[in-house]
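# Structure at a glance
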Amino acid sequence: MTITFITGANKGLGRETARRLTECGHTVLVGARNRDQGEETAAALGARYVPIDVTDDASVAAAAADVAEHEGRIDVLINNAGVHGPVGDPGDLTAADALAVLDVNVIGVVRTTTAFLPLLRRSDDPVIVNVSSGMGSLALTHDPDRPESHVIAPLYTSSKAALTMLTTQYAKGLEGIRVNAADPGYTATDLNGHSGPQTVTEGTDAIVALATEEPGAGTGRFVSRHGEIAWS
């Protein structure tokens, strides 16, 4: 039985990923900061709720300890929790704004990955999926035919660019663990006021594909629902 831990799994892409992987036969652990939403999601999906705030060292450590006690390992870690941050005029940004976004989107991934590595290393086929975005791609955000080029979200885009690079470094440095990044695409979620043209099911295609690959699949890749894409 594949055991999968998902951060930010109480709504949006995280919840849909949890639903789909549960249907695939995974034992899904719903990681979420909001207890009420996390417990409701877990109950609805037949999963187990694990409290986690990826911005808090103690919370992340407690979540890993909880999983160690109950499941003993995980096979798939999906770093999905994310925030958008301010949009528009970059001249209005503050250091506090930047720290808040990076603390979830990048540092939160580091906290969670480090804490859960011992559990992943107990798996016969450990996998990490980082939910990134084409908004962090230099190529896509400079292509006028792409929707990514028409959005000014300085901190979100910067954090996702950092996350993709972090993914490549994990892929090179974590021997025996497949580490890949998923680009959900422009999906209707709370993060964008449900303005995206894709459904959450379409938006989770790449995440689910990476989480359900056969052993021996590649590492260090950036994948959308349409296939592998360039890192640049």
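Since the model is a prediction, treat every value here as computed from it, not as a measurement.

Turning our eyes to something else, we now look at the overall build of the chain. Scanning the chain from N- to C-terminus turns up nine helices and eight strands. By the compact-globule yardstick of 17 Å for 232 residues, the chain fits well, its C-alpha radius of gyration being 16 Å. Put simply, the chain has 232 residues, and 50% of those count as buried. Taking the contacts inside the chain whose residues are at least 6 apart along the sequence as the reference set, 66% of them involve residues at least 24 apart. Counting only carbon and sulfur atoms, one obtains 54% of the accessible surface of the chain, whose full area is about 10400 Å². The average position of the 17 basic charges and that of the 29 acidic charges among the side chains of the chain differ by 3 Å.

Judged by how many residues are buried, strand 6 (residues 178-182) sits mostly within the fold: five of five residues are covered. Neither face of strand 6 is exposed, since Arg-178, Asn-180 and Ala-182 on one face and Val-179 and Ala-181 on the opposite face are all buried. Taken together, the two bridges between strand 6 and strand 7 (residues 222-224) define a ladder with parallel strand orientation. Directly across from Ala-181, in strand 7, lies its bridge partner Phe-222.

Turning to the pattern of salt bridges, a few remarks are in order. Applying the stated criterion across every chain, the model contains 14 salt bridges. Between Arg-73 and Asp-75 there is a salt bridge, and its shortest N-O distance comes to 3.0 Å. Note that Arg-225 and Glu-202 form a salt bridge whose closest N and O atoms lie 3.9 Å from each other. Here Arg-225, found in the loop between strand 7 and strand 8 (227-228), pairs with Glu-202, found in helix 8 (residues 200-203); they are 23 residues apart in sequence, far enough to count as distant. In the salt-bridge network here, residues are joined through shared partners; they are Arg-20, Glu-202, Asp-205 and Arg-225.

With that settled, consider the packing of aromatic side chains. For the structure shown, the criterion picks out one aromatic pair. Ring geometry for Phe-5 versus Phe-116: centroids 4.6 Å apart, planes at 35 degrees, classification tilted. You can see Phe-5 sitting in strand 1 (residues 3-6) and its partner Phe-116 sitting in helix 5 (residues 107-120), a full 111 residues away along the chain.

As a further point, take the pairing of strand 5 (residues 127-131). Of all five residues that make up strand 5, five are buried, and the element is covered over most of its length. With four bridges connecting them, strand 4 (residues 76-79) and strand 5 associate as parallel partners. Each bridged residue has a counterpart across the sheet, and for Val-76 the counterpart in strand 5 is Val-127.

Here we come to the side chain of Asn-10. As for its position among the elements, Asn-10 is in the loop between strand 1 and helix 1 (12-23). Beyond its immediate sequence surroundings of up to four residues, Asn-10 is in contact with Arg-15, Val-30, Ala-32, Asn-34, Gln-37, Gly-38 and Thr-41.

Turning our eyes to something else, we now look at the side chain of Asn-105. Checked against the element boundaries, Asn-105 lands in helix 4 (residues 95-105). Of note is the side chain of Asn-105, whose polar atom sits 2.9 Å from the backbone nitrogen of Val-83. Here Ser-159 takes part through its side chain, which lies 3.0 Å from a polar atom of the side chain of Asn-105.

Any two packed helices are characterised by the angle at which their axes cross and by the distance between the axes. The geometry of helix 3 (residues 57-70) relative to helix 5 is characterised by a closest axis approach of 9 Å and an angle of 20 degrees between their N-to-C directions. Classified by the angle their axes make, helix 3 and helix 5 are roughly parallel. Once helix 3 is placed against helix 5, the crossing between them reads as right-handed. Only Arg-111, Thr-112, Ala-115, Phe-116 and Leu-119 of helix 5 make contact with helix 3, whose side of the interface consists of Asp-57, Val-60, Ala-63, Ala-64, Val-67 and Ala-68.

Here the focus is the sheet that holds strand 7. With mixed pairing, eight strands are arranged side by side in an open sheet as 3-2-1-4-5-6-7-8. Bordering the open sheet on either side are strand 3 (48-51) and strand 8, each of which pairs with just one other strand. Across the sheet, helix 1 touches strand 1, strand 2 (27-32) and strand 4, and the angle it forms with strand 1 is around 170 degrees.

Core analysis: the biggest nonpolar cluster contains 28 residues, and Phe-5, Val-67, Ile-74 and Phe-116 have the highest contact counts within it. For this core, the secondary-structure elements that each account for two or more residues are strand 1, helix 3, helix 5 and helix 7 (154-173). When residues in this core are grouped by element, the largest group, five residues, is from helix 5. In terms of nonpolar packing, the next biggest core, distinct from the first, is built from 22 residues, Ala-18, Val-28, Ala-32 and Ala-211 among them.

Basis of the calculations
Residues numbered from 1 in each chain as written. Predicted model: local features only at pLDDT ≥ 70, side-chain atom pairs only at ≥ 80, totals over all residues. Heavy atoms only, no water. Helix = DSSP H or I, 4+ residues; strand = E, 2+ residues; numbered from the N terminus. Rg over C-alpha atoms; globule rule 2.2 N^0.38 Å. Buried < 20%, exposed > 50% of the residue type's maximum accessible area, 1.4 Å probe, protein only. Contact = heavy atoms within 4.5 Å. Areas by Shrake-Rupley, 256 points an atom, 1.4 Å probe, with all protein chains shown as cover. Lys, Arg positive; Asp, Glu negative; His and termini not counted. Charge placed at Lys NZ, Arg CZ, Asp CG, Glu CD. Pairing = 2+ DSSP bridges. Salt bridge = Lys/Arg side-chain N within 4 Å of Asp/Glu carboxyl O. Phe/Tyr/Trp six-rings, centres within 6.5 Å; stacked < 30°, edge-to-face > 60°. Polar contact = N/O pair within 3.5 Å; in protein donor to acceptor, adjacent residues only side chain to side chain. Axes fitted to C-alpha atoms, helices over the stretch in contact; angles between N-to-C directions. Parallel < 35°, antiparallel > 145°, perpendicular 65-115°, else oblique. Left-handed = near helix turned anticlockwise from the far one by under 90°. Core = buried A, V, L, I, M, F, W, Y, C linked by side-chain atoms within 4.5 Å.

All we've got here are geometric facts, nothing functional implied.
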